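Below, each chain spelled out in residue letters.
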Amino acid sequence: MEKPTVRISVRNLVEFILRSGDLDNRRGTKETEAMQIGSKLHRKIQRSRGGNYEAEVVLRRVSEFDDVDIVVEGRADGIFSEDDRVCIEEIKGTYQRIEEMAEPVMVHEAQAKCYAFIHGELKALESIDIQMTYIHMETEKIRLFENTYELSALRTWFEGVMEQYHKWISFDLKWKESRNASTNGLEFPFEYREGQKKMVGSVYHTIASQRQIFMQAPTGVGKTMSAVFPAVRAVGEKKAEKVFYLTAKTITRTVAAEAFEILIDRGLKYKVITLTAKEKMCMCEKVECNPKNCPYAKGHFDRINDAVYELWTQKDRYDRETLLEHAQKWMVCPFEMSLDVALWCDAIICDYNYVFDPNVHLKRFFNDNRQGEYIFLIDEAHNLVERGREMYSAILCKEDLMAAKNEIKEYSKSLTRAFDRVNRHMLELKKTTEKYAILDTPGNLPISVLQLQGEMDKFFEEISEDTSEEIISDAYRDCYFQVRNFLNICELLDENYVIYTENCEDGKFRVKLFCVNPARNLSDYLNKGVSTSFFSATMLPMLYYRKLLSVREDDYGIYVKSPFEQSKRSILVGTDVSSRYTRRNYGEYRRIAEYIARSAIQKKGNYMVFFPSYKMMDAVYEIYENEFALPWAQTLCQKPSMNEKEREEFLNAFDDRDGTLIGFCILGGVFSEGIDLTGESLIGAIIVGTGIPQIGTEREILKKYYDEKGENGFDYAYRFPGMNKVLQAAGRVIRTTEDEGVILLLDDRFRNREYEEMFPMEWSDRSYCHLGSLELQLQKFWNRSK
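Anyway, here's the lowdown on the structure attached to this text. (Residues numbered from 1 in each chain as written. Predicted model: local features only at pLDDT ≥ 70, side-chain atom pairs only at ≥ 80, totals over all residues. Heavy atoms only, no water.)

Notes on the overall build of the chain
Here is step 1: Along the backbone of the chain there are 29 helices and 25 strands.
Here is step 2: Relative to a compact globule of 786 residues, whose C-alpha radius of gyration would be 28 Å, the chain shows 30 Å and is just as compact.
Here is step 3: The principal-axis extent of the C-alpha atoms belonging to the chain is close to 105 × 70 × 50 Å.
Here is step 4: Relative to its full complement of 786 residues, the chain shows a buried share of 55%.
Here is step 5: Restricting the contact set of the chain to residue pairs at least 6 apart, pairs at least 24 apart contribute 79%.
Here is step 6: Entry remark: accessible area of the chain is about 35,000 Å², with carbon and sulfur atoms responsible for 46%.
Here is step 7: One finds the centroid of the 108 positive side-chain charges in the chain at a distance of 3 Å from the centroid of its 126 negative side-chain charges. (Helix = DSSP H or I, 4+ residues; strand = E, 2+ residues; numbered from the N terminus. Rg over C-alpha atoms; globule rule 2.2 N^0.38 Å. Buried < 20%, exposed > 50% of the residue type's maximum accessible area, 1.4 Å probe, protein only. Contact = heavy atoms within 4.5 Å. Areas by Shrake-Rupley, 256 points an atom, 1.4 Å probe, with all protein chains shown as cover. Lys, Arg positive; Asp, Glu negative; His and termini not counted. Charge placed at Lys NZ, Arg CZ, Asp CG, Glu CD.)

Encoded structure:
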């Protein structure tokens, strides 16, 4: 068989194999960015070199091994050739004080050594010079480091580097061969439910045709396995190389991991990692990624490759506990180790931000113009609209800037002046803003902010590591990231953005770059893969989600039929009650409380009641307790900002199936989505209102934006997002084919055509009721089989 060929750039090779030292986040990011933006200065230096100098020389070498050919390639910045002397020049831009540099950075010199060996071998040289040229990005001062190497020594060094890299590639190739073989004959692990086979076939066809698909897949279809199985089969057939399973919630990441586990138990060979947020992975009391405060950061890069290789070659599943245990053994940062392990995995289960967020996405996969043979499976895709808006928006807060300035003003006059320049721009904007004001452009503000970032980076470089913690607070760092994010988002501004200023209720003045439609930005990342499947139990209306999540015109779309029997659940619409703001009074709240009591009195069991706000929930709860409380029923109320333990205790209370429990919850909150209460853990959901978001600045901006686009702005800003919350809450009741229960929608607006058109097809048997007919209709449902 013909040997496979693997390609890697010189830079990626040395930065991977030869990395060393500490993990340290105390510096700004400008030093890394200097390497990427210094091309103008590169060219300036190259033009000054004279006629015996060749710039941007493409160099390439094939290292042959028994099982693979590894091609190392790149561009040498320049090659001097004069008489018998040949010199490789490597140019690096930097913000460091170059006069204090004692020697070149090791990986920078390693790049030059690679080029020197490749060129020297090609020209049959006995020795070759290397010149490391560092140029300061602001002052343009230059510092040179020169060295001469015997080619024999470079050969020994280069072959040693390649042997180390070959170890990784050899194992990877063997693993993928066995992985792909394990998918042959792999069968779907369950008997197909109704609609499931259609979803499996649709995902597979979408991957094979390198397209995108939107799927409305009701609860109970088994959509996780229906997406994972065809993706795994497609990878086995070499239609792709890696699966990203993206979701917004921890519980669905667990379900995805279980789906892979089921296939692995049936013979699949797959390396699967679940990525967890840095804060939950950190083994220190406080997340401080520097060698002074974290023992795992000190020398992290000296040990990380050995740690990753051992874990990768000895285990196939990498959950939080496995990663923490291994990181502790090797004394490395568990979060950074998890990102490195992900590079070598077949499936990565993670939050949306690891792919889409411009600040925290996996740079190992998605930086620059990198393309990959990735399959994106996006669960709970309805959440990606608002998450996308958040990820691609940016805020600059005047008061945060001034607080940061006050912290450092005694240490740096130039930085203080930079803060003041931005402040003057924001004061001008504030003068013309009452509550909020929409701007055509951000004007000259970004220029001042760019100057500020430069001074903040310079300040990071100038202060010593020993004093940085005393001077730089967490609030100052947060301000730095706010500034950096604002500038990054400025680069994305187009017709999908609205720029506005706002005097906020907390007394702060903000400028916001608001991403109204995130589709284009999301697509920039999705286009780095081969196929995307968006799926959710509440992706209605589908056209709304297609417009906000994709820019393609040829996306597929399917509606998967629910596998549940309509006879096992009753959907009632209460037409004599409303949650409209104009009708929020004692009489309306009393009617809602009576609906709750009359519903619960018909059958012993657990119920959840969902309200549009805490204020309404508290008002109705008080009336219920005072006037309608059932002596045998317990009640629980959701509280604002519940921690993980409190949320678990709230849900655990529903495990009691002998009595009646009524949970008062918030529509669109943590208990209205992504929880599984099967059987008699939950037999009823009472949903108060249409879920319409409260009127606010951004909702009104969205409405105006889409009205001007010729769409129904109210739908985009209010009705569609609200209805999604209703459908999610309703989906808590019927989770399995054995479940039965009641869904009660309390708002007369649900009779309107605009809402009925958004109901799922399986709600075609819904009935209407009023307080007087409710009990009879419920008795008829609960007694249907007697």
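Now that the structure has been shown, we can carry on.
Observations concerning unusual backbone geometry
Here is step 1: Going from Leu540 to Pro541, the amide bond is cis rather than trans, its omega being -5 degrees.
Here is step 2: A positive phi angle is found at Asp83, which is not glycine, with a value near 55 degrees.
Here is step 3: Here Asp83 shows up in the loop between strand S3 (69-82) and strand S4 (85-94).
Here is step 4: One non-glycine residue with positive phi stands out, namely Lys238, at about 65 degrees.
Here is step 5: Mapped onto the elements, Lys238 comes out in the loop between helix H7 (223-236) and strand S8 (242-247).

Some points on the nonpolar core
Here is step 1: Phe244, Phe356 and Phe419 are the most contacted members of the largest nonpolar core, which has 179 residues in total.
Here is step 2: Here this core takes nine residues from helix H27 (residues 713-730), the largest share from any one element.
Here is step 3: By size, the runner-up hydrophobic cluster in this structure holds 37 residues, among which are Ile213, Val232, Tyr245 and Val560. (Core = buried A, V, L, I, M, F, W, Y, C linked by side-chain atoms within 4.5 Å.)

What about the packing of helix H1 (residues 10-17) against helix H5 (residues 151-183)?
When two helices pack together, their arrangement is given by the angle between the helix axes and by the axis-to-axis distance.
Here is step 1: Orientation of H1 relative to H5, taken along the N-to-C sense of each, is 85 degrees, at an axis distance of 10 Å. Viewed along their axes, H1 and H5 adopt a mutual orientation that is roughly perpendicular. Touching Leu13, Phe16 and Ile17 of H1 are Val161, Met162, Gln164, Tyr165 and Trp168, all from H5.
Here is step 2: In terms of residue class, the contact of H1 with H5 is made up of seven nonpolar, one polar and no charged. (Axes fitted to C-alpha atoms, helices over the stretch in contact; angles between N-to-C directions. Parallel < 35°, antiparallel > 145°, perpendicular 65-115°, else oblique. Nonpolar A, V, L, I, M, F, W, Y, C, P; charged D, E, K, R; others polar.)

Looking at the side chain of His108
Here is step 1: Inspection of the secondary structure puts His108 in helix H4 (residues 106-122).
Here is step 2: Reaching out from His108, the side chain makes a polar contact with the side chain of Tyr134 at a distance of 2.8 Å. (Polar contact = N/O pair within 3.5 Å; in protein donor to acceptor, adjacent residues only side chain to side chain.)

Comments concerning the pairing of S4
Here is step 1: Buried residues dominate S4, accounting for nine of its 10 residues.
Here is step 2: The sheet contact formed by S3 and S4 spans five bridges and is antiparallel. If you follow Gly78 over to S4, its bridge partner there is Glu89.
Here is step 3: Between S3 and S4, which follow one another and run antiparallel, lie two residues, and Asp83 among them has a positive phi close to 55 degrees.
Here is step 4: With eight bridges joining them, S4 and strand S5 (residues 127-136) adopt parallel strand pairing. (Pairing = 2+ DSSP bridges.)

Here we look at the environment of Glu740
Here is step 1: Its place among the elements puts Glu740 in the loop between H27 and strand S24 (741-746).
Here is step 2: Residue Glu740 is classed as partly exposed on the basis of its relative accessible area of 29%.
Here is step 3: Residues within four places of Glu740 in sequence aside, it is in contact with Lys568, Ile683, Ile734, Trp782 and Arg784.
Here is step 4: Here Arg784 takes part through its side chain, which lies 2.6 Å from a polar atom of the side chain of Glu740.

A word on the sheet that holds strand S16 (residues 509-515)
Here is step 1: The antiparallel open sheet is built from four strands, whose spatial order is S13-S16-S15-S14. Two strands in the sheet have a free side with no partner beyond their single neighbour: strand S13 (394-397) and strand S14 (436-439). The sheet shows a mean angle of 20 degrees between the axes of neighbouring strands, taken without regard to direction.
Here is step 2: Bridge count for S13 against S16 is four bridges, and the pairing is antiparallel. Considered in S16, the bridge of Leu396 is made with Val511.
Here is step 3: Packing of helix H17 (residues 413-431) onto the sheet brings it into contact with S13, S14, strand S15 (497-503) and S16, and relative to S16 it is tilted by some 85 degrees.

What about the side chain of Asn305?
Here is step 1: Of note, Asn305 is situated in helix H10 (residues 300-314).
Here is step 2: The contact partners of Asn305, leaving out residues within four places of it in the chain, are Phe16, Ile17, Arg19 and Trp168.

A closer look at the pattern of salt bridges
Here is step 1: The tally for this structure, following the rule as stated, stands at 56 salt bridges.
Here is step 2: For Arg85, the salt bridge is made with Asp129, and the minimal N-O distance between the two is 2.6 Å. Taken as a pair, Arg85 in strand S4 and Asp129 in strand S5 lie far apart in primary sequence, 44 residues in all.
Here is step 3: Here Arg85 falls in the partly exposed class, since its relative accessible area comes to 38%.
Here is step 4: A relative accessible area of 12% places Asp129 in the buried class.
Here is step 5: Across the pair Glu627 and Arg590 runs a salt bridge, and its minimum N-O distance is 2.8 Å. (Salt bridge = Lys/Arg side-chain N within 4 Å of Asp/Glu carboxyl O.)

Remarks on the packing of aromatic side chains
Here is step 1: Using the criterion set out here, one finds 51 aromatic pairs in the structure.
Here is step 2: Centroid distance Phe188 to Tyr192: 4.4 Å. Interplanar angle 15 degrees. Geometry classified as stacked.
Here is step 3: By relative accessible area, Tyr192 is classed as partly exposed at 31%.
Here is step 4: Clustering of aromatic rings is evident, with ring pairs tying together Phe16, Tyr165, Trp168, Phe171, Tyr309, Trp312 and Trp344.
Here is step 5: Over the face of the ring belonging to Tyr309 we find Lys167, whose NZ or CZ atom lies 4.3 Å from the ring centre.
Here is step 6: The ring of Phe781 carries Arg784 above its face, with NZ or CZ at 4.3 Å from the centroid. (Phe/Tyr/Trp six-rings, centres within 6.5 Å; stacked < 30°, edge-to-face > 60°. Lys NZ or Arg CZ within 6 Å of the ring centre and 35° of its normal.)

Examining helix H20 (residues 474-490)
Here is step 1: Taking 1.5 Å per residue, 17 residues should reach 24 Å; H20 reaches 24 Å between its end C-alpha atoms and fits that length.
Here is step 2: Among the 17 residues in H20, 12 count as buried, and that is most of the element.
Here is step 3: Along H20, the residues classified as buried are Tyr476, Arg477, Cys479, Tyr480, Gln482, Val483, Arg484, Asn485, Phe486, Leu487, Ile489 and Cys490. (Expected span 1.5 Å × (residues − 1).)

Considering a negative patch on the surface
Here is step 1: A cluster of acidic side chains, namely Glu644, Glu646, Glu648 and Glu649, defines a negative patch on the protein surface.
Here is step 2: Considering the arrangement of structural elements, one finds Glu644 in helix H25 (residues 644-652). (Patch = residues over 30% accessible without salt bridge, like charges linked within 9 Å, V, L, I, M, F, W, Y side chains within 5 Å.)

Some details on the packing of helix H23 (residues 586-600) against helix H29 (residues 771-782)
Here is step 1: Contact geometry of H23 with H29 gives a least axis separation of 10 Å together with a crossing angle of 15 degrees. Classified by the interaxial angle, the pair formed by H23 and H29 is roughly parallel. The handedness of the crossing between H23 and H29 comes out as right-handed. Note on element contacts: H29 touches H23 through Leu771, Gly772, Leu774, Glu775 and Leu778, opposite Arg591, Glu594, Tyr595, Arg598 and Ser599. (Left-handed = near helix turned anticlockwise from the far one by under 90°.)

Some remarks on the sheet that holds strand S23 (residues 684-688)
Here is step 1: Taking strand neighbours across the sheet as the criterion, the seven strands line up as S21-S22-S20-S23-S24-S19-S25 in an open arrangement whose pairing is parallel. Where the open sheet ends on each side, the last strands, each with one partner, are strand S21 (633-637) and strand S25 (767-769). Pairwise comparison of adjacent strand axes, ignoring direction, gives a mean angle of 20 degrees for this sheet.
Here is step 2: Note that strand S19 (residues 569-574) and S24 share six bridges and pair parallel. Residue Ser570 lies in a different strand from S24, and its bridge partner there is Val742.
Here is step 3: The strands touched by H23 are S19, strand S20 (606-611), strand S22 (660-666), S23, S24 and S25; relative to S20, the strand with the most contacts, the crossing angle is about 160 degrees.

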